[in-house]
Amino acid sequence: MLKTRVYLHRLFVFCGYLAAAFLIAILVLIVAQVIGRLVGYTTPGITNYAGYCMAGASFFGLSYAMHCNSHIRVSLFLNLSTKFQFALELWCHLIAIGLSVFFSFYASKMIFWSYKFHDVSQGQDATALWIPQLVTVMGTSVLTLVLLERLYLLLFKPDDPMSPIFKAQSINKES
Amino acid sequence: MEHIELISIFLFVLFLLLGTGVWVGFALMGVAIVGIELFTSRPSGDAMLTAIWASSTSWSLTALPLFIWMGEILFRTKLSQDLFKGLSPWMSSLPGGLLHTNIVGCTIFAAVSGSSAATLTTVGKMSIPELEKRNYPRHLIIGTLAGAATLGLMIPPSLTLIVYGVTINESISKLFLAGIVPGLFLAGMFMLYVVIYSLVKGRQDIILDGAKTFKQKLAASRFLIPVLLLVTFVIGSMYSGIATATEAASFGVIGAFILASVQGSMTVETFKASIFGAVSTSAMIALILMGASFLSLSMGFTGLPRALAEWIATMDLSRFELLMALLVFYIIIGCFLDGISAVVLTIAIVEPMIRQAGIDIIWFGIFIVVVVEMAQITPPIGFNLFVLQGMTGHQIGYIARTAVPMFLIMLLMVFILIALPELATWLPEQMRSRP
């Protein structure tokens, strides 16, 4: 199990790197657009490509951010008691996993139909939409993995430093 | 009204999910699915993907990670150390002395970073120990810091304003320009408070630094000047219309990168730390925006926002009464949610009301930002209070009490904004009139 978790951790950090690469790509595209405009060369479709990179950065960033515990939630009642907290965390993780799987399922469906009907972007880029849309499935699938790992730790290894319960308690101690 | 059942179910599911600690973005998606499944015959899964794909690929949204990245780079330079050293010689002769470094420091850092937590940590880290060493009253040190740090949300680049602009489809540049004058005005009122307080109470046992000549002052702040130039350039490029908000943000990132390299604080480690910080903050906001875009589609299907707007219209509220109702509403919501979540969660409902009442939507953006700023320093969930608690070790209650005067100043600001809407609308109109 330990080995699996090492690989998972690498996967999540890798997603962080992918998101970072998309962020750099946004910067490069926009700078290219500005330079293009200055020398009088129009760059059609760049705004669309930047939009796809934005989606890439967001969806790959989702799992990385969840792995680093940086998503926002109302923690008012999470800190009441350990037992209560366990129940709430369980409920939150089940809901999040459900929604994440639901999302991946319908994202696959969207991509399938985009591919089947040769959907192209309505912008000047005329990209075949299924290609950028792939990030939705990939990102949310990894997000599901992060959540499953957290659920596993919650149920079986509550004392692990990465477990949701341990995290919440250490935040309480800090403050 | 016939929508009462719809509203109560939406609210019940929303409070249930948010209250039990479900991540805000997921909670909004959950409510959206329940709404579609119960009240319409449309398939929720396909609607979800359509809404979320469209909103995640929005061009104007790309300004968000770039501005976060710019702040993350400058956050890791020597800026935070220089902020106190560079400002204190200029402030020491004012009544209230170095307390003003808190306010001016926050104002400057707010122009670098779009978040109030980052502003608070950067400025507080340096100024709290220095001010305590000089015997400034504790409650004033903490109170001014808590209040002034909220300027991070108002002075451009402001993450809350980007999110607001993206959700209502308005120009982010205009919103940024609208935030400048009210932001500076609010900073001025904070400073005025410190001046009046210290004139009334008199200087107690504050240790003064030796006076410095103009040249020495300039030398102490030589590192601040490039940062100020960068900020002016970023905002100026939007104002003059040479660049869109996203383009200005990319100038900002490159400028910050150059500044950090010249200063010698740009290593591979800080570069990685800055970009990963940007990735995780912008993904956090992206999840909330995904949930919010789906929820507003879902509510749109049910016809609730339009119905509510019409219902409000039949009540014949004056503009002032409507704004007062919204003020109370947002202060309450802000007690439990962070600013960005509060804005995206409510805007689908509030936007039609505002447009119906003929209120300027840019002006309303500034109004909403002042109100969610106030919420940052109100218990039980005031984000700045938590950050300050972590930094100083004081109880939340104590910190909240020290921030009460700042809260009242912001409340006054809300009424000034209502009385003088030009504070917010004048600057963007200047831009509008340009070719």
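Structure's up top.
Now for a look at the structure at hand. (Residues numbered from 1 in each chain as written. Chains lettered and ligands numbered in written order. Predicted model: local features only at pLDDT ≥ 70, side-chain atom pairs only at ≥ 80, totals over all residues. Heavy atoms only, no water.)

### Section: a nonpolar patch on the surface
Residues and elements named next belong to chain B.
Next up, step 1: On the surface, W90, F214, L218, I225 and L229 cluster together into a nonpolar patch covering about 490 Å² of accessible area.
Next up, step 2: Listing elements by their share of the nonpolar patch, those giving two or more residues are α11 (214–220) and α12 (224–239).
Next up, step 3: Residue position: F214 is located in helix α11. (Patch = residues over 30% accessible without salt bridge, like charges linked within 9 Å, V, L, I, M, F, W, Y side chains within 5 Å. Areas by Shrake-Rupley, 256 points an atom, 1.4 Å probe, with all protein chains shown as cover. Salt bridge = Lys/Arg side-chain N within 4 Å of Asp/Glu carboxyl O. Helix = DSSP H or I, 4+ residues; strand = E, 2+ residues; numbered from the N terminus.)

### Details of the packing of helix α16 (residues 319–334) of chain B against helix α17 (residues 339–356) of chain B
Residue and element names in this part refer to chain B.
Next up, step 1: Viewed as axis vectors pointing N to C, α16 and α17 meet at an angle of 170°, and their least axial separation amounts to 12 Å. Between α16 and α17, the interaxial angle falls into the category roughly antiparallel. Between α16 and α17 the crossing geometry is right-handed. Each of L322, L326, F329, Y330 and I333 in α16 lies in contact with α17, whose residues at this interface are A342, T346, V350, M353 and I354.
Next up, step 2: Residues of the contact of α16 with α17, tallied by class, amount to nine nonpolar, one polar and no charged. (Axes fitted to C-alpha atoms, helices over the stretch in contact; angles between N-to-C directions. Parallel < 35°, antiparallel > 145°, perpendicular 65-115°, else oblique. Left-handed = near helix turned anticlockwise from the far one by under 90°. Contact = heavy atoms within 4.5 Å. Nonpolar A, V, L, I, M, F, W, Y, C, P; charged D, E, K, R; others polar.)

### What about the packing of helix α10 (residues 172–201) of chain B against helix α18 (residues 361–376) of chain B?
All names here are of chain B.
Next up, step 1: Contact pair α10 / α18: the axes reach a minimum separation of 9 Å and the direction vectors enclose 50°. Between α10 and α18, the angle falls in the class oblique. Seen along the crossing, α10 lies across α18 with a hand that is right-handed. Counted together, K174, L175, A178, G179, P182 and L186 of α10 and I362, G365, I366 and E373 of α18 form the full contact between these two elements.
Next up, step 2: Class assignment for the residues of the contact of α10 with α18 results in six nonpolar, two polar and two charged.

### Comments concerning α17(B)
Residues and elements named next belong to chain B.
Next up, step 1: Its 18 residues place the ends of α17 24 Å apart at the C-alpha level, agreeing with the 26 Å of an ideal helix rising 1.5 Å per residue.
Next up, step 2: Maximal helix bending in α17 amounts to about 60°, located at I347.
Next up, step 3: The buried fraction of α17 amounts to 15 of the 18 residues, a majority that puts the element mostly inside the structure.
Next up, step 4: The positive-phi residue at the C-terminal boundary of α17 is G358, with phi of around 75°. (Expected span 1.5 Å × (residues − 1). Bend = angle between axes of the 7 residues up to and from the residue. Buried < 20%, exposed > 50% of the residue type's maximum accessible area, 1.4 Å probe, protein only.)

### Some remarks on the interface of chain B and chain A
Next up, step 1: Taken together, the contact pairs 53 residues of chain B with 57 residues of chain A.
Next up, step 2: Summed over both partners, the interface of chain B with chain A comes to about 4,900 Å²; 81% of that surface belongs to carbon and sulfur atoms.
Next up, step 3: The tally of links from chain B across to chain A stands at two salt bridges.
Next up, step 4: B:D46 is the partner of A:K109 in a salt bridge, and the nearest nitrogen-oxygen pair spans 3.1 Å.
Next up, step 5: Along the contact surface separating chain B from chain A lie eight residue pairs in polar contact (both at pLDDT 80 or more).
Next up, step 6: Among the elements of the structure, α1 (4–19), α2 (24–39), α3 (44–56), α4 (63–75), α13 (245–263) and α14 (268–302) of chain B are those that each provide at least two residues to the side of chain B that touches chain A.
Next up, step 7: Per element, the largest residue contribution to the side of chain B that touches chain A is 12 residues, and it comes from α14(B).
Next up, step 8: A class-by-class count of the residues in the side of chain B that touches chain A yields 36 nonpolar, 13 polar and four charged. (Buried area = accessible area lost by both parts, 1.4 Å probe. Polar contact = N/O pair within 3.5 Å; in protein donor to acceptor, adjacent residues only side chain to side chain.)

### Brief notes about the nonpolar core
All names here are of chain B.
Next up, step 1: Of all hydrophobic cores here, the largest spans 214 residues; its most connected members are F26, F364 and F367.
Next up, step 2: In terms of residue count, the dominant contributor to this core is α14 (15 residues).
Next up, step 3: Those residues within four positions of F367 in sequence are excluded, and the remaining contacts are L323, L326, L327, V414, L417 and I418. (Core = buried A, V, L, I, M, F, W, Y, C linked by side-chain atoms within 4.5 Å.)

### Digging into the pattern of salt bridges
Note that side chains of opposite charge can pair when their charged atoms are close.
Next up, step 1: Following the criterion strictly, the structure yields 10 salt bridges over all chains and no others.
Next up, step 2: One salt bridge in this structure joins A:R37 and B:E247, with 3.1 Å as the shortest N-O distance. Here A:R37 is found in helix α1 (residues 2–38), whereas its partner B:E247 is found in helix α13 on a different chain.
Next up, step 3: A:R37 gets classed as partly exposed once you look at its relative accessible area, which sits at 45%.
Next up, step 4: Among the residues examined, B:E247 registers a relative accessible area of 2% and is labelled buried.
Next up, step 5: The shortest N-O distance in the salt bridge between A:E89 and A:R73 comes to 3.3 Å. Linking A:E89 in helix α3 (residues 82–116) with A:R73 in the loop between α2 (46–67) and α3, this pair joins segments that are 16 residues apart in sequence. Neither A:E89 nor A:R73 differs from the other in exposure class; each is buried.
Next up, step 6: Connected through salt bridges with shared partners, the residues A:R5, A:E149 and A:D160 form a single ionic network.

### Some points on helix α21 (residues 404–419) of chain B
Since the α-helix advances by 3.6 residues per turn, residues separated by three or four positions end up pointing in the same direction.
Next up, step 1: A rise of 1.5 Å per residue sets the reference length of α21(B), with its 16 residues, at 22 Å; its end C-alpha atoms lie 23 Å apart and thus fit the reference within 8%.
Next up, step 2: Buried within α21(B) we find B:M406, B:F407, B:I409, B:M410, B:M413, B:V414, B:I416, B:L417 and B:I418.

### Section: the packing of aromatic side chains
Next up, step 1: For the coordinates displayed, the defined rule picks out 23 aromatic pairs over all chains.
Next up, step 2: Between the aromatic rings of A:Y17 and B:F276, the centroid separation amounts to 5.0 Å while the plane-to-plane angle is 85°, which identifies the pairing as edge-to-face. You can see A:Y17 sitting in helix α1 and its partner B:F276 sitting in helix α14, one on each of two chains.
Next up, step 3: Between the aromatic rings of A:W113 and A:F117, the centroid separation amounts to 5.3 Å while the plane-to-plane angle is 20°, which identifies the pairing as stacked.
Next up, step 4: Judged by its relative accessible area of 37%, A:W113 falls in the partly exposed class.
Next up, step 5: On the basis of relative accessibility, which here comes to 56%, the residue A:F117 falls in the exposed class.
Next up, step 6: Through a chain of ring-to-ring contacts, the aromatic side chains of A:Y17, A:Y64 and B:F276 assemble into a single cluster.
Next up, step 7: Across from the ring centre of B:W23, 4.2 Å away, lies the NZ or CZ of A:R73, which sits over that ring.
Next up, step 8: The ring of B:W363 has B:R319 sitting right over it, with the charged end atom 5.3 Å from the ring centre. (Phe/Tyr/Trp six-rings, centres within 6.5 Å; stacked < 30°, edge-to-face > 60°. Lys NZ or Arg CZ within 6 Å of the ring centre and 35° of its normal.)

### Notes on the environment of B:L159
Residue and element names in this part refer to chain B.
Next up, step 1: Here L159 shows up in helix α9 (residues 159–168).
Next up, step 2: By relative accessible area, L159 is classed as buried at 7%.
Next up, step 3: Here L159 is in contact with L64, I68, G114, S115, I285 and I340, once residues within four sequence places are set aside.

### Description of the environment of B:S341
All names here are of chain B.
Next up, step 1: Position of S341 relative to the elements: it lies in helix α17.
Next up, step 2: Owing to a relative accessible area of 1%, S341 belongs among the buried residues under this scheme.
Next up, step 3: Distance in space between the C-alpha atoms of S341 and L140 is 30 Å, their sequence separation being 201 residues.
Next up, step 4: Residues contacting S341, with those up to four places away along its chain left out, are V24 and I288.

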